[in-house]
Amino acid sequence: MPITGIVLVIGVILFPIELGTIVMFFAGAVLLVIGMGFFQLGAEMAMEPLGEGIGAQISKTRRIAGVILIGFLMGAIITVSEPDLQVLAQQVPAIPNMVLILTVACGVGIFLALAILRILFRINLSTMLIVFYAVVIGLSLVVQKDFLAVGFDSGGVTTGPMTVPFIMAMGVGLASVRSDKNASGDSFGLVALSSIGPVLAVLILGCFYTPSETAYAVADLADVKTTWDVVREFLTDIPHYAREVAVSLMPVAVVFVLFQLFCRRYTKYQIRHIVMGFVYTYIGLVLFLCGVNVGFAPMGSLIGRELASATLRWLLIPIGMLIGYYIVKAEPAIQVLNHQVEGVTNGAVSAKAMNRCLSVGVAVSIGLAILRILTGLSIYWIVIPGYIIALILSRFVPNIFVGIAFDSGGVASGPMTTTFLLPLCIGACEAIGGNVMTDAFGVVALVALTPLIAVQIMGLQYQHKLAKAEESTEKALAEIDEIDEIMEFEED
């Protein structure tokens, strides 16, 4: 609703928007709200128990080769079915779609297997992140700059509405069989490590391909005159997204069937519950993607073009930051993450606090992305220092906040980012005559970066408050002991 209000204000105050266009946008917003509701219900009923069950079963597997194989296959299957990756693959020139998709899938599979081994062998997450990001930074120095932004973007798009609930629940399942004090903290971090694999894989792929100027073109909002025209536009596109989501969900459904046949983990009631969850997930994703792509994405491109063409084009920065702040609430996977964080930390980190922290982080990232478009600043000078700061913070923050922070970075860059903010940046870049490949792409990477720093700063504040509370408790206990000693002395 806040995003809808912002767009309406822009259409009234800054530049005129045709009434039919506004109606299309509002219709998309309604589908988005209904779709998000169905999706979150479905993810809770199906994806989370399935991922948790597979994670718990992996923990009982004694053969390391089997663990690695299962982790790799699950990572690859979930990634191939991720709608956000399909969107990105269509926009990258000089590389066939399937080559990019399979490369990213292999990267996720390898690093998900490594993330599982980290939980089983209790390896420090911060240490692994520092090592692998050092490799990423080193590789980024030799990759041509036209490919740098796409490489970092690929890490963000792979952690979307399909992968996040499943992978995070798998982490909970893996840690559930452990009884040590670090078990809950180690349940986070799978998304974080899984986001590194695609970046490394695509950067390596960039050494063999030479990208040219992108041919990205977002569809314009349809010219509608009556309410029936609006209904017809959405009804025409729903079958396309129905097929796309069916293909995305099919591999996960097959995994569920095979897992139940071999492990017999779920009761008949649980099976019916999970099947209904798949149905809700399917309905939710179809409505969500249709509403976002038909109503939201073209509006984002239109706003970007119009604001960048205006005299006060610098208004793009505060407007983009405002949209970025509120768009976090419209990312379905973020809500899944926030509630899991609240549950694992027993309310110490509330969903409301996580939402606020991520909103601030994403707002800053959108401001930086638009600043890059207006100035031509290379993404290298933002991403590399940003990751260095995040990795340094990881050495001083409680382990559980390190996992939450690096998971939230991947989760924040979901379908709303790729279908509204990316078109907004591309529309602005085209309006000022910039290089779309180097300047517009990279917004997903920046959205994935800033929450890493924001959440860890929240972790430092939490650590400080905890230390202060412990100090107050110790002082109070000391005073009680002193009173007891005085009373004993007086009795004597």
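One structure accompanies this document, and this report is about it.

What counts, and where the lines are drawn
- Residues numbered from 1 in each chain as written.
- Predicted model: local features only at pLDDT ≥ 70, side-chain atom pairs only at ≥ 80, totals over all residues.
- Heavy atoms only, no water.
- Phe/Tyr/Trp six-rings, centres within 6.5 Å; stacked < 30°, edge-to-face > 60°.
- Buried < 20%, exposed > 50% of the residue type's maximum accessible area, 1.4 Å probe, protein only.
- Patch = residues over 30% accessible without salt bridge, like charges linked within 9 Å, V, L, I, M, F, W, Y side chains within 5 Å.
- Areas by Shrake-Rupley, 256 points an atom, 1.4 Å probe, with all protein chains shown as cover.
- Salt bridge = Lys/Arg side-chain N within 4 Å of Asp/Glu carboxyl O.
- Helix = DSSP H or I, 4+ residues; strand = E, 2+ residues; numbered from the N terminus.
- Expected span 1.5 Å × (residues − 1).
- Bend = angle between axes of the 7 residues up to and from the residue.

A short note on the packing of aromatic side chains
Next, step 1: Under the counting rule described, the total for this entry stands at 11 aromatic pairs.
Next, step 2: Judged by centre distance (5.1 Å) and plane angle (80°), the rings of Tyr-325 and Tyr-326 are edge-to-face.
Next, step 3: For Tyr-325, a relative accessible area of 27% corresponds to the partly exposed category.
Next, step 4: Geometrically, the ring pair formed by Tyr-380 and Trp-381 is edge-to-face, given 5.8 Å between the ring centres and 85° between the ring planes.
Next, step 5: By relative accessible area, Trp-381 is classed as exposed at 60%.
Next, step 6: Linked through ring pairs, Tyr-133, Phe-152, Tyr-387 and Phe-406 together constitute an aromatic cluster.

What to know about a nonpolar patch on the surface
Next, step 1: Together, Leu-8, Val-9, Val-12, Ile-13, Leu-14, Phe-26, Leu-312 and Leu-315 make up a nonpolar patch on the protein surface, roughly 730 Å² of accessible area in all.
Next, step 2: Element by element, the count of residues in the nonpolar patch is highest for helix α1 (residues 2-13), at four residues.
Next, step 3: You can see Val-12 is positioned in helix α1.

Here we look at helix α12 (residues 268-309)
Next, step 1: With 42 residues, α12 ought to run about 62 Å at 1.5 Å a step, and its terminal C-alpha atoms sit 59 Å apart, in line with that.
Next, step 2: Its axis deflected by about 35° at Asn-293, α12 carries its strongest bend there.

Considerations on the pattern of salt bridges
Next, step 1: All chains considered together, the criterion is met by one salt bridge.
Next, step 2: Taking the shortest distance from any N to any O, the salt bridge between Asp-229 and Arg-232 comes out at 2.7 Å. With Asp-229 and Arg-232 both in helix α11 (residues 227-263) and three residues apart, this pair spans about one turn of that helix.
Next, step 3: Given the relative accessible area of 15%, Asp-229 is considered buried.

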